[in-house]
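Working through the structure, step by step
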Amino acid sequence: MDAERLVAIGRRALAECRAALDVVAEAWQAQALAQAIGSQLAVSGPQELRGEARGLSEAGGRAGMLADPAVLRAGGPRAAQLTEVADPGRSLDALGTLLGEVGIALVGVACATDEEGLYWQCIEAIDAADESSDHVRAMLHRLALCERERERRRGHGWERDRDREDGAGGREFAARRPDPAEPTASPP
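Residues numbered from 1 in each chain as written. Predicted model: local features only at pLDDT ≥ 70, side-chain atom pairs only at ≥ 80, totals over all residues. Heavy atoms only, no water.

Before going further, it helps to examine helix α4 (residues 88-112). Note that an α-helix has 3.6 residues per turn; residues three or four places apart therefore point the same way. With 25 residues, α4 ought to run about 36 Å at 1.5 Å a step, and its terminal C-alpha atoms sit 36 Å apart, in line with that. For α4, the capping residue at the N-terminal end is Asp87, with a side-chain oxygen 3.2 Å from the backbone nitrogen of Gly89. (Helix = DSSP H or I, 4+ residues; strand = E, 2+ residues; numbered from the N terminus. Expected span 1.5 Å × (residues − 1). Polar contact = N/O pair within 3.5 Å; in protein donor to acceptor, adjacent residues only side chain to side chain.)

Okay, the packing of helix α2 (residues 20-44) against α4 next. Packed helix pairs are characterised by how far apart their axes lie and by the angle those axes make with each other. Contact geometry for α2 and α4: axes closest at 10 Å, N-to-C directions at 155°. Classified by the angle their axes make, α2 and α4 are roughly antiparallel. The crossing of α2 and α4 is left-handed. Residue-level inspection shows Ala20, Val23, Val24, Glu26, Ala27, Ala30, Gln31, Leu33, Ala34, Ile37 and Leu41 of α2 in contact with α4, the latter providing Pro88, Leu92, Leu95, Leu98, Leu99, Val102, Ala105, Leu106 and Val109. (Axes fitted to C-alpha atoms, helices over the stretch in contact; angles between N-to-C directions. Parallel < 35°, antiparallel > 145°, perpendicular 65-115°, else oblique. Left-handed = near helix turned anticlockwise from the far one by under 90°. Contact = heavy atoms within 4.5 Å.)

Under the counting rule described, the total for this entry stands at nine salt bridges. For Glu26, the salt bridge goes to Arg78, with nearest N and O atoms at 2.8 Å. Taken together, the positions of Glu26 in helix α2 and Arg78 in the loop between α3 (50-66) and α4 put the pair 52 residues apart, joining distant regions of the chain. Among the residues examined, Glu26 registers a relative accessible area of 3% and is labelled buried. Take Arg78: its relative accessible area is 16%, and that puts it in the buried class. If you follow the salt bridges from partner to partner, you end up with Glu147, Arg150, Glu151 and Arg154 in one network. (Salt bridge = Lys/Arg side-chain N within 4 Å of Asp/Glu carboxyl O. Buried < 20%, exposed > 50% of the residue type's maximum accessible area, 1.4 Å probe, protein only.)

Our focus in this paragraph is empty space enclosed by the protein. For the structure on display, the rule yields one cavity of 30 Å³ or more. Considering only enclosed or pocket space, the largest cavity measures out at about 50 Å³ in volume. Together, Leu6, Gly10, Glu26, Gln29, Ala30, Leu33, Arg78, Ala79 and Leu98 line the largest cavity. Breaking the lining of the largest cavity down by element, the ones donating at least two residues are α1 (3-15) and α2. (1 Å grid on protein atoms, 1.4 Å probe; cavity = no way out; pocket = protein on both sides within 12 Å on 5 of 7 lines; lining within 4 Å. Points joined across faces, edges and corners; volume = space filled by probe spheres on them.)

Written out as structure tokens, the structure reads:
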């Protein structure tokens, strides 16, 4: 299943949570998905994302180790269904949105609970979502920079082609210095 679809499923599941432990479970589901997306991008994503993608995978993995197995709903992590990250930019953007929503939901649970264990579980999950969000933002920034560079290169290529058509031969017009060996017209 594509990453964007899994993120949409996660967002819907988070929105439908009614119990505090369900919110925490969805937070860990989101971390497992972050780990899976990071792993896939680290192996087969755009070259410029691979280092940061490894960081996302590691962050999601560390967070998953903190998860209480009883908190994850029966059926295991949804991330196991990930088969592709078809559009890295859109997938990362969607994942960033999910992680932000997870953070907000966890703050709500942490503020509403009197149970110390649940409170600290929320704090750990908030930290994990925050770290993963940092990696996602860094990758989105890198993608934007690469896209701007491609646009710039395309723009320069277009200008060269236009100049060639105008007879400039791809050269920029510049003031030409007189060559002392060339005869020049003398004033009358």
